[in-house]
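Read off the chains here:
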Amino acid sequence: MSVVQSLRVSFEVFSPEICLLLYLLSVGQEVQRASVISNLPSLVRQNPAETFRRVVPKVREVLNGAGAEIQLAAAGSFLTILQDDIILIHTHTYSILKTVLLHLNHRDTVVSNAWLETLLSAINALPKETIKQEVLNPLLYQSQLSHSLQARLASCRILGKVACKFDSQIVKKELLPLVRSLCQDVEFEVRSCMCRQLESIARATGVDDTRTELLPELVELADDEESSVRLAAFDTIINLMEMMDGDDRLHVVVPLVMSVCEVSSQADEALLASLSFQFGKLCSGLAGSLSDEQKSRLLQKFKVLCVSGLQTEGNQTDGTESALIRCNCCYNLPAMVVFSESTHFLAEIYPSFSSLCCDPEVSVRRSAAASFHQVVKLLGSNVHLVHKEFLALLQDDALEVLDALMNHLEDTLEAVLSRGENLTLDNKFPELLSALLLAEQKVGCSLRWRLHEKLLQRYSCLARLLPGELLHQSFSPRIFIILTTNKVLPVQKEAARTFCTFLRYNRKQEQRQEMMERLIQDLAQGRSYWNRLRFLDVCETATEVFSRKYFNKHFLIPALELVHDPVANVRYKLCQLLPRLRSSLRLPADKQLLQQLDFCVQKLLCREKDKDVVATIRKTVLELDKLDLTEPFHKRQERDLLDQKKEKEETLLLEMLERQQTEGKLNSEKHTERKRRDSKTSLSATKSMSVSSSGATLSSSGKEMRKAKLSRSRSLSSQPTTSKSTNSDRPLKLKELSGTSGPGKSSMISSKDDSLRTAHFTMATQSTPSMPVLIRSNTTSLLDRASTLDHRSSTMEHKTSTLDQRDHRTITLDHRTSNMDHRNNMMEQRTGTMDHRTSTLDHRTSTLDQRDHRTSTLDQRDLRTSTLDQRDLRTNTLDHRDHRTSTLDQRDHRTSTLDQRSKTMDRGCGVKDNPSRKLSINRKSNSFSVQSGRD
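Residues numbered from 1 in each chain as written. Predicted model: local features only at pLDDT ≥ 70, side-chain atom pairs only at ≥ 80, totals over all residues. Heavy atoms only, no water.

J.: Mind showing me how you'd approach the nonpolar core here?
T.: In a soluble, globular protein the nonpolar side chains are often hidden away together inside. Grouped together as the largest cluster of nonpolar side chains are 206 residues, with contacts concentrated most on Ile158, Phe475, Phe555 and Leu581. Excluding residues within four positions of it along the chain, Ile158 makes contact with Leu104, Leu116, Leu119, Leu120, Ile123, Val135 and Leu139. (Core = buried A, V, L, I, M, F, W, Y, C linked by side-chain atoms within 4.5 Å. Buried < 20%, exposed > 50% of the residue type's maximum accessible area, 1.4 Å probe, protein only. Contact = heavy atoms within 4.5 Å.)

J.: Which parts of the structure should I look at to understand the packing of helix 2 (residues 16-27) against helix 5 (residues 48-63)?
T.: For any two helices packed against each other, one specifies the inter-axial angle together with the distance between the axes. The geometry of helix 2 relative to helix 5 is characterised by a closest axis approach of 10 Å and an angle of 10° between their N-to-C directions. Taken together, the axes of helix 2 and helix 5 lie roughly parallel to each other. The segment helix 2 lies against helix 5, with Ile18, Leu22, Leu25 and Ser26 engaging Glu50, Arg54, Val55, Lys58, Val59 and Val62. By residue class, the composition of the contact of helix 2 with helix 5 is 6 nonpolar, 1 polar and 3 charged. (Axes fitted to C-alpha atoms, helices over the stretch in contact; angles between N-to-C directions. Helix = DSSP H or I, 4+ residues; strand = E, 2+ residues; numbered from the N terminus. Parallel < 35°, antiparallel > 145°, perpendicular 65-115°, else oblique. Nonpolar A, V, L, I, M, F, W, Y, C, P; charged D, E, K, R; others polar.)

J.: What is the right way to read the side chain of Thr620 from this model?
T.: Of note, Thr620 is situated in helix 39 (residues 611-630). Look at Thr620 and you get buried, because its relative accessible area is 4%. For Thr620, the contacting residues outside a window of four places in its chain are Cys575, Leu578 and Pro579.

J.: Quick question: what am I supposed to make of helix 3 (residues 30-38) here?
T.: One turn of the α-helix equals 3.6 residues, which is why residues spaced by three or four share an orientation. Burial in helix 3 covers these residues: Ala34, Val36 and Ile37. Here the buried residues of helix 3 occupy an arc of 160° about the axis, which is enough to place them on one side. Residues of helix 3 that are buried in the fold lie against helix 2, helix 4 (40-46), helix 5 and helix 6 (68-83). (Arc of directions from axis to C-beta.)

J.: I'm lost on the environment of Leu405 in this one. Help?
T.: Residue placement: Leu405 occurs in helix 26 (residues 399-406). For the pair Leu405 and Leu394, spaced 11 residues apart in the sequence, the C-alpha separation amounts to 7.8 Å. Leu405 has contacts with Ala369, Phe372, Phe390, Leu393 and Leu394, leaving out every residue within four places of it along the chain.

J.: Could you clarify how one ought to interpret empty space enclosed by the protein in this entry?
T.: A water-sized probe rolled over the atoms picks out the places where empty space is left. This structure, assessed with the given rule, holds 4 cavities of 30 Å³ or more. Space inside the second largest cavity adds up to approximately 70 Å³. In terms of lining, the second largest cavity is formed by Val207, Thr210, Arg211, Leu215, Leu240, Met243, Met244 and Asp248. Considering each element in turn, the lining of the second largest cavity owes the most residues, 4 residues, to helix 14 (residues 207-222). Grouping the amino acids of the lining of the second largest cavity by side-chain chemistry returns 5 nonpolar, 1 polar and 2 charged. (1 Å grid on protein atoms, 1.4 Å probe; cavity = no way out; pocket = protein on both sides within 12 Å on 5 of 7 lines; lining within 4 Å. Points joined across faces, edges and corners; volume = space filled by probe spheres on them.)

J.: Would you explain the packing of aromatic side chains in this entry?
T.: Centre distance and the angle of the planes are the two values used to describe a pair of aromatic rings. The final tally for this structure, using the stated rule, is 12 aromatic pairs. Look at Phe546 and Tyr550: their rings are 4.7 Å apart centre to centre, the planes differ by 20°, and that puts the pair in the stacked class. For Tyr550, a relative accessible area of 11% corresponds to the buried category. When the ring of Phe546 is compared with that of Phe555, the centres are 5.7 Å apart and the planes differ by 35°; the resulting orientation is tilted. (Phe/Tyr/Trp six-rings, centres within 6.5 Å; stacked < 30°, edge-to-face > 60°.)

J.: Help me understand helix 15 (residues 227-239) in this model?
T.: With 13 residues, helix 15 extends 18 Å between its outermost C-alpha atoms, agreeing within 8% with the 18 Å of an ideal straight helix rising 1.5 Å per residue. Of all 13 residues in helix 15, 10 are buried; the element is thus mostly enclosed. Along helix 15, the positions that sit buried rather than exposed are Val229, Leu231, Ala232, Ala233, Phe234, Asp235, Thr236, Ile237, Ile238 and Asn239. Contacts made by the buried residues of helix 15 are with helix 12 (188-196), helix 13 (198-205), helix 14, helix 16 (246-261) and helix 17 (269-285). (Expected span 1.5 Å × (residues − 1).)

J.: Help me understand the pattern of salt bridges, please; the structure alone is not making it clear to me.
T.: Between side chains of opposite charge, pairing is possible as soon as their charged atoms come close. Going through the model one piece at a time under the given rule, you end up with 31 salt bridges. Taking the shortest distance from any N to any O, the salt bridge between Asp224 and Arg191 comes out at 3.2 Å. Within this pair, whereas Asp224 is found in the loop between helix 14 and helix 15, its partner Arg191 is found in helix 12, the two being separated by 33 residues in sequence. The exposure class assigned to Asp224 is buried, which follows from its relative accessible area of 13%. The partner of Asp411 in a salt bridge is Lys377, and the shortest N-O contact between them spans 3.8 Å. Remark: Lys377 occurs in helix 24 (residues 372-379) and Asp411 occurs in helix 27 (residues 409-419); sequence separation between them is 34 residues. When salt bridges that share partners are traced, they join Arg497, Arg534, Asp537, Glu540, Glu544, Lys573 and Arg580 into one network. (Salt bridge = Lys/Arg side-chain N within 4 Å of Asp/Glu carboxyl O.)

Put into structure tokens, the structure is as follows:
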């Protein structure tokens, strides 16, 4: 009756749930009590105060004399409460601590270990004074030899946990004596457990106390008769190696490691397993303290460990321990590559590395595949040495190996494809591509779709590493087949993302156009509704991969055309995708696309008959109305910045493509121009040689003829003269020829003068036999006329050079006028942009009018509900309208200012037209003057 009365009082005061739990803890069965205790963390989250006030004391009562199941449930519940930080008050932690300490020495080992884990977790949340009073004082008593083995083992673990809570002086004064006594315990389990806790105690005491107090204990424990104690000491010394100086490493760690390396595999396989796990850390830490002989001994020991357990000389050892040793060797491969240096990799590490990659155990090959990317990075330019092993791991029959290789496939491929030595020139590159394709086919034929999804995700990095032509020929068709034929939805979505990535990074416009046409023809316009649904999935992925500009140009219209699809599932999917499509539009640039999207929504609202599609489009309309209002500004800004970054990358890719094309054209043109110049120079050289030789002969012959004439005139000066009509006519002909030479014949004047001079003197010499009488003055006049002809030819050359200069000036004037015309066009474009801005302001004012109309309709609906709300809403709407009219007035003022600016710009353009006209007039006058000069 007392229990019933207490429960009645509880029902009157507390909540029904707590009262029910108290009832089950009081009179329920053991299964019900265990269930209530297991659900204690959720009850603490809901009502911590009442739970610790009423339920936890009842749980303590139940635990007295309870079975192992209830004890384990209570220990697990308290551990969850402490680990999840559900409670923040130390008083509640103290109440849990009292319960834990009460049941810590339970006779059942499993229950005792469970309560010990709860105590170790509670120590993190307790203050120092509570730990010192409630934990350390009982600990000193329990660590004595008179207590049980289980109590001493618990004391060792508690010591390691408590040491980090106090400073070094307290640890040295109060805890180190207890640690020494436990290290000298008669039971090897206690010595081993205490040895493993020495690491945390050493970090709490410091470097100096560790060297003087703890290191001798560790050296002594390393020579213990029990292998488990030696193993614990070995692991602890290696973990504390960073706290030791060079002398301690040289005199303590190096002899210990060398002694362990001398141990045979049959003597202590556990110690060898620990050595294989710590081997890389040992070699890295002792690299500066080892001699060359010791380094070679360590490398030789690593080679032995890599083949440990394999069939040698007809003997086969234990498979489990030996496979674990080889797995540890795979884990330490990167550290051993650093230890042996990458230049000596082929001679020292490569045989062991190759054997581990081709190991008969799947676990060993999986460990080798997991560390393969680190080895490849360390090899650098020598990455071609492990090409065969990479192909072997890609073609492995076990999918677990391929799964481990896929985790870091991007890093591996980046190192292999970027640092390899001329892979495209030998057979390694096609082998790698075929291995990648075969790996995908192997995974695709299996039932492990998660691995297939991961593989497709990793293959997207090929867009950055492979040439676009090769990627388009080999991988894009395969990815498209997966997209259209695979039945697993996550695999389809990842294939769509990979295909979009290939499309984005493809630099050839023809190939990109081909891929887009294939998407539209086979998916968007496909005969199967399944393919049309896949196209909508591709659109959903494309919004994340591409920029808004590219998406709106290529994906948006085909997606909106699916509003006419006869299958309701396609229209249903389109309705779900409409908010994402709307978020990709920006006004006023996408005004027409927005109208098409609104038309699509109106058609679905008016003509749709399927009830699921109707319900979805109604929800979508509400989301579209709230889209611009509910989205925070910072998220929109972040999305805009990301979109700008994507658009810049796309434009850079296109510019790189254009540059490559233009560079190719320029190189071809330069090559042809160079050939043309070489041919011209060869021809001009031959011509100049011939002209110079002919000129030299003509000049020499002319001089000889002049000398002969002078001698004849001197000899015949005393004879009578006769008239020479022929000689007087020839100079007139020469003058006529020189007078008719214009600017077009300037290049021919010098050659013609020379020819005329030679012709004149040859004709004079031919006329001498028919005219025996010559006068000396006539001969001198002929010579003077020849000199005047030379002078006139030089003046004509000077005039032609001046005319060329004038032509150059007219060309520069034409160039300047073209620049002025270009500037005028730029001014006209700026005025056009100003007009466009005014149109956008008009559009914004129209949208504000539409929003005013919507608010008026909402006000009318609200007016129907109540008259008081109607008056308040009218006043509010009037205030809002006044504010909006003020904003509209401000915008009208801005538009007027913009109009004034456009007018001023037009005037400026008109003013700038006058200089261009003057320049054109000057150009015409200059050209006229040049032409007159030529005439």
